[in-house]
Structure formats: structure tokens, C-alpha cells
Protein chains: 2
Amino acid sequence: MTSSLSRLVRLLSGGFSNQTQAFDNPPLFAHILVKFRPLPQLKPGSLLLEQSYAIAPENPYRIRVLRVDRRGDGLIIHNQALLEEQRFWGAVEDEARRRAILDDDLLPLQGCTYVVREDGGGFKGEVESGCRCLVERKGTTAYLVSTFEIDATGMRTVDRGHDPTTHELLWGSLAGAFAFERTHDYSTEIPVEWLAAFGE
Amino acid sequence: MTSSLSRLVRLLSGGFSNQTQAFDNPPLFAHILVKFRPLPQLKPGSLLLEQSYAIAPENPYRIRVLRVDRRGDGLIIHNQALLEEQRFWGAVEDEARRRAILDDDLLPLQGCTYVVREDGGGFKGEVESGCRCLVERKGTTAYLVSTFEIDATGMRTVDRGHDPTTHELLWGSLAGAFAFERTHDYSTEIPVEWLAAFGE
């Protein structure tokens, strides 16, 4: 039987593009690529995340190592930055560089863990409550309110920044969620040892 | 003495990019190119406008023929669509195709005229009041509220769609204006006869 933990890791292990949305709604949505790819040398459930403008995939604007895990009856996703992250830009397309990512390169992002629940055939997640996931943008600090929905077809995400004191919305899209279609499947790269560790 | 009409035509006759803004604020601003280029075969002040995602300049999402003109003591910009516009996609980079644009290809966009006033070293414009500049987006009609500021350095624009009945904001960026830097100068392509017509 497939555990919900392994189903979430499989669903995440892919490539996503919002090209249709961007071209249907000019110029309101930047065209973005998002990829999650297993990192077999790290703890089970570890996925490299790169997000980039489609025009510049070699310069991701966000690179993270996520780790899907159980907490109580539910699922969470640990959110980790990379020290010296520029060393790893583009690793999502370069196996040797992916293999070079080690535990010592990871920096846990406190307050930025995603809490995930099953929803129909997919999952919904949001940054844990507490307003502690702080993000800096041009000298202004905001806390991140971020949600995602993922299923076999694609993914929807909303990221918004709020003022830590007034809770006022500082940035984010009024035009709504980013809507991604699935373009790549990396689930075959999930090591069998992970599936055993997930209890399959 | 340079008239304000000719100064506005000169300032508009250029190329603009918001690359800096897009890369400073991922993923909130799509990277956009905007070009205005004189159409000497048409009435004085006529400029071809193309706007595109930087990733796909050959498929502009908006192509218009603007015409800067006097009204009373002030300035306005007539806003015209192109019939069979796909014939002219990319004309902003292709002189032969630009020359092929004739008066019969133009379709005036009622209610979408910009009203412009001088402001410091530049100009500010906004779509005339009346909520009559209707824009369709995926089957939903909105009226456009659009403003711009332009000077020698660059241009800032805000486009928002509102519900014609409730006036509710339907789309637009919460993150603020698009901020463009000037990348090209096409003011040398303004025909001398236009300057005479402008009263220089």
C-alpha cells in the first residue's frame, strides 16, 4: 500500500510551468519554471527546489532543499536554504552538482515549515502559523504567507508578504494563484530505500 | 522652441524594459518589453506600440497605433487597434512591415484615449474618465484604468481592470507600477514634416 508520505514525494518530484497562464493573462503573470528533484544522498524525502523565470533558468531566484516528513498523523515539509547557494544554481539540471549537496550545506529556515494535508487526489499545504517565516525584499522584511495545492495534473501556489507589525499585505498577486502544469516527472529518481523508509 | 507635443512624441519614441525590476522582485513582475516607433506614412504623431514578454518578443500581447495630438490646451493620445493585427506582429523591428501599416488598418478604440499633462521634465497620462475603455480577458469584460509617467530616464505604467457594474478591481498588480528603463531611442526616426506640423 502506498503511504501518503510517498505519494506526496512522488507528486512533488517533477517539473512545472505556468506558460499557459502567463500567455493567457499578459502581462500579469511572469512565466515561471519550478522543479523539485530527489537528492538520494540526503535524508529520505529530500528534494532540491529551483524556481526561475523561464527566460533565465540558469539563475534561479529561489533554491531550497525541502524534506517531506511525518509529524503526528500528518505531513510537513521542512524548508532549508543552501549556504553558498550560488554554487548550486542549475543543479536541478546537473546530476553531478546535485550529488555535491551535503547535509552541511543546509540551513533550516525556522518558521517556514509547510503543513500539508491530503485533499481529494492531491495535497494542500501552507506555511505553519505564527508569522515567523521572514523574507527580505529590498531592505523590507515581511513574513511569508504561502500556500500550494498539488495533484497529478499540476500545482497552484500563492505567496504573499505581510508586514510583521501591522500584518498589512506588502506584496503578492491580486490576479490570483500561479497555476502550473506538470512538464516533467522525476519520480523514477526516488531511491527504493526511501520507499522502504516511508513504510511501503 | 520645442512644443510640448513634439517633446512627448520624442520621449515616447523609444524602447523600454523592466528587466531590473523583474530581477529585483521575483516572481512578482513579468519581464516586459515596450517599444514605440514612429510611423512616418501616417498622420503626424503616429507611433506603433508593441508590448511583449521579453521571452517572446515575436508574439506581442498588445499591438496598437497611438497618435499624439492636441486637444484644447492639452495633449491626448488616440488609441487604435490594428485590423488583422497578427499581420503586423514584430513590425516594430521590421521597417517594411511598419511601412505597410495604412490608415485603413486602424480601428479607433472608443473611450481609450489617454489624457496627458506635463509633469516636471516629463509627462503623466491616464485613460480618459468614463469607464468606457472595455477590455476582455478570458470571457470577462472589464474597463481599463491605465496610467503612465514618462521622462528621459524611463517610464512607469499601471494597468488595472475593473468590473463595469460594481467597479470592483478584477485584475492588476498589487506589487505596484511596472517600472521601465529606456533601452532604445527612435526619436531620430520622427520625420521633419511632423515637427513642422507640431509647430516647431
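Here, every reference points to the structure presented above.
Since the structure is predicted, the reported quantities are computational estimates derived from the model, not experimental observations. (Residues numbered from 1 in each chain as written. Chains lettered and ligands numbered in written order. Predicted model: local features only at pLDDT ≥ 70, side-chain atom pairs only at ≥ 80, totals over all residues. Heavy atoms only, no water.)

Student: Sorry, what's going on with the relation of the copies chain B and chain A here?
Tutor: One copy of the chain maps onto the second through a rotation around an axis plus a translation along that axis. Overlaying chain B on chain A yields an RMSD of 0.0 Å, the required transformation being a rotation through 180° with an accompanying axial translation of 0.0 Å. Considering both components of the superposition, the chain copies are consistent with a two-fold axis. Relative to the rotation axis, the closest C-alpha in chain B is found at A30 of chain B, a distance of 1.9 Å. Most of the interface of chain B is mirrored in chain A, where 100% of its interface residues are also at the interface. (Least-squares fit on C-alpha atoms with pLDDT ≥ 70 in both. Contact = heavy atoms within 4.5 Å.)

Student: How do you make sense of a nonpolar patch on the surface when you look at a structure like this?
Tutor: A cluster of nonpolar side chains, namely F23 and I55 of chain A together with F23 and I55 of chain B, defines an oily patch on the protein surface of about 290 Å² accessible area. What makes F23 of chain B partly exposed here is its relative accessible area of 32%. (Patch = residues over 30% accessible without salt bridge, like charges linked within 9 Å, V, L, I, M, F, W, Y side chains within 5 Å. Areas by Shrake-Rupley, 256 points an atom, 1.4 Å probe, with all protein chains shown as cover. Salt bridge = Lys/Arg side-chain N within 4 Å of Asp/Glu carboxyl O. Buried < 20%, exposed > 50% of the residue type's maximum accessible area, 1.4 Å probe, protein only.)

Student: Honestly, the interface of chain B and chain A in this entry has me stumped. Any pointers?
Tutor: Where interface size is quoted, it is often the accessible area lost as the parts come together. Chain B puts 24 residues into the contact, and the matching count from chain A is 24 residues. For the pair chain B and chain A, the summed buried area comes to about 2400 Å², and 68% of that belongs to carbon and sulfur atoms. Our count for the contact surface shared by chain B and chain A stands at eight residue pairs in polar contact (both at pLDDT 80 or more). For the side of chain B that touches chain A, the secondary-structure elements that each account for two or more residues are α2 (19–24) and β12 (169–171) of chain B. Among the elements that line the side of chain B that touches chain A, the one with the most residues is α2 of chain B, at three residues. Among the residues forming the side of chain B that touches chain A, the class breakdown is 18 nonpolar, three polar and three charged. (Buried area = accessible area lost by both parts, 1.4 Å probe. Polar contact = N/O pair within 3.5 Å; in protein donor to acceptor, adjacent residues only side chain to side chain. Helix = DSSP H or I, 4+ residues; strand = E, 2+ residues; numbered from the N terminus. Nonpolar A, V, L, I, M, F, W, Y, C, P; charged D, E, K, R; others polar.)

Student: What exactly am I supposed to notice about the pattern of salt bridges here?
Tutor: Side chains that carry opposite charge are capable of pairing whenever their charged atoms lie near each other. The full count for this structure, using the stated rule, is 22 salt bridges over all chains. The shortest N-O distance in the salt bridge between E118 of chain A and R7 of chain A comes to 2.4 Å. Taken together, the residues E118 of chain A in strand β7 (residues 114–119) and R7 of chain A in helix α1 (residues 4–12) connect sequence positions 111 residues apart. Ionic pairing is found between R37 of chain B and E189 of chain B, a salt bridge with its closest N-O pair at 2.8 Å. Here R37 of chain B, found in strand β2 (residues 32–38), pairs with E189 of chain B, found in the loop between β13 (178–185) and α4 (192–197); they are 152 residues apart in sequence, far enough to count as distant. When its relative accessible area of 26% is taken as the criterion, E189 of chain B is described as partly exposed. Through salt bridges with shared partners, a single ionic network connects K35, R37, E93 and E189 of chain A.

Student: Is there a simple way to think about the pairing of strand β5 (residues 74–82) of chain B in this case?
Tutor: Along any regular strand, the residues point their side chains to alternate faces of the sheet. Residues and elements named next belong to chain B. The buried fraction of β5 amounts to seven of the nine residues, a majority that puts the element mostly inside the structure. Linking strand β4 (residues 62–71) to β5, which pair antiparallel, is a turn of two residues; within it G72 sits at a positive phi near 60°. Relative to strand β6 (residues 106–108), β5 runs antiparallel, the two being bridged by three bridges. Bridging across to β6, Q80 finds its partner in P108. (Pairing = 2+ DSSP bridges.)

Student: What is the right way to look at the packing of aromatic side chains in this model?
Tutor: To describe a pair of aromatic rings, you give the distance between the ring centres and the angle between the ring planes. Following the criterion strictly, the structure yields 14 aromatic pairs over all chains and no others. Taking the centre distance of 6.2 Å and the plane angle of 25° together, the rings of F178 of chain A and F180 of chain A count as stacked. Here F178 of chain A and F180 of chain A have matching classes, each one buried. Between F16 of chain B and F36 of chain B the ring centres are 6.0 Å apart and the planes differ by 80°, which places this aromatic pair in the edge-to-face class. Here F16 of chain B is found in strand β1 (residues 14–17), whereas its partner F36 of chain B is found in strand β2, with 20 residues between them in sequence. Each member of the aromatic cluster is reached from another via a ring pair, and the members are F23 of chain A together with Y53 and Y61 of chain B. The positively charged end of R37 of chain B is found above the aromatic ring belonging to Y186 of chain B, 4.0 Å away from the centroid. The lysine or arginine in question, R137 of chain B, covers the ring of W171 of chain B, its NZ or CZ lying 4.0 Å from the ring centre. (Phe/Tyr/Trp six-rings, centres within 6.5 Å; stacked < 30°, edge-to-face > 60°. Lys NZ or Arg CZ within 6 Å of the ring centre and 35° of its normal.)

Student: In this structure, what is going on with the side chain of S46 of chain B? I would like to understand it.
Tutor: Residue and element names in this part refer to chain B. Along the polypeptide, S46 turns up in strand β3 (residues 46–53). Look at S46 and you get buried, because its relative accessible area is 2%. A polar contact is formed between the side chain of S46 and the backbone oxygen of K43, at a distance of 2.7 Å. Excluding residues within four positions of it along the chain, S46 makes contact with R37, P38, L39, V65, L66, R67 and W194.

Student: So what exactly am I meant to see when it comes to the state of the cysteines here?
Tutor: Should the sulfur atoms of two cysteines be covalently bonded, the bond is a disulfide. All names here are of chain A. Taken as a whole and judged by the stated rule, the model has two disulfides over all chains. Residue C112 pairs covalently with C133 via a disulfide, S to S 2.0 Å. Across the S-S bond linking C112 and C133, the dihedral sits near 100°, which makes this disulfide right-handed. Of this pair, C112 sits in the loop between β6 (106–108) and β7 while C133 is found in the loop between β8 (122–127) and β9 (134–137), placing the two residues 21 residues apart along the sequence. Side by side, C112 and C133 carry an identical accessibility label, which is buried. The thiol sulfur of C131 is not disulfide-bonded, and the nearest other cysteine sulfur, from C133, lies at 11 Å. In this structure C131 comes out as partly exposed when scored by relative accessible area, which is 35%. (Disulfide = S-S within 2.5 Å.)

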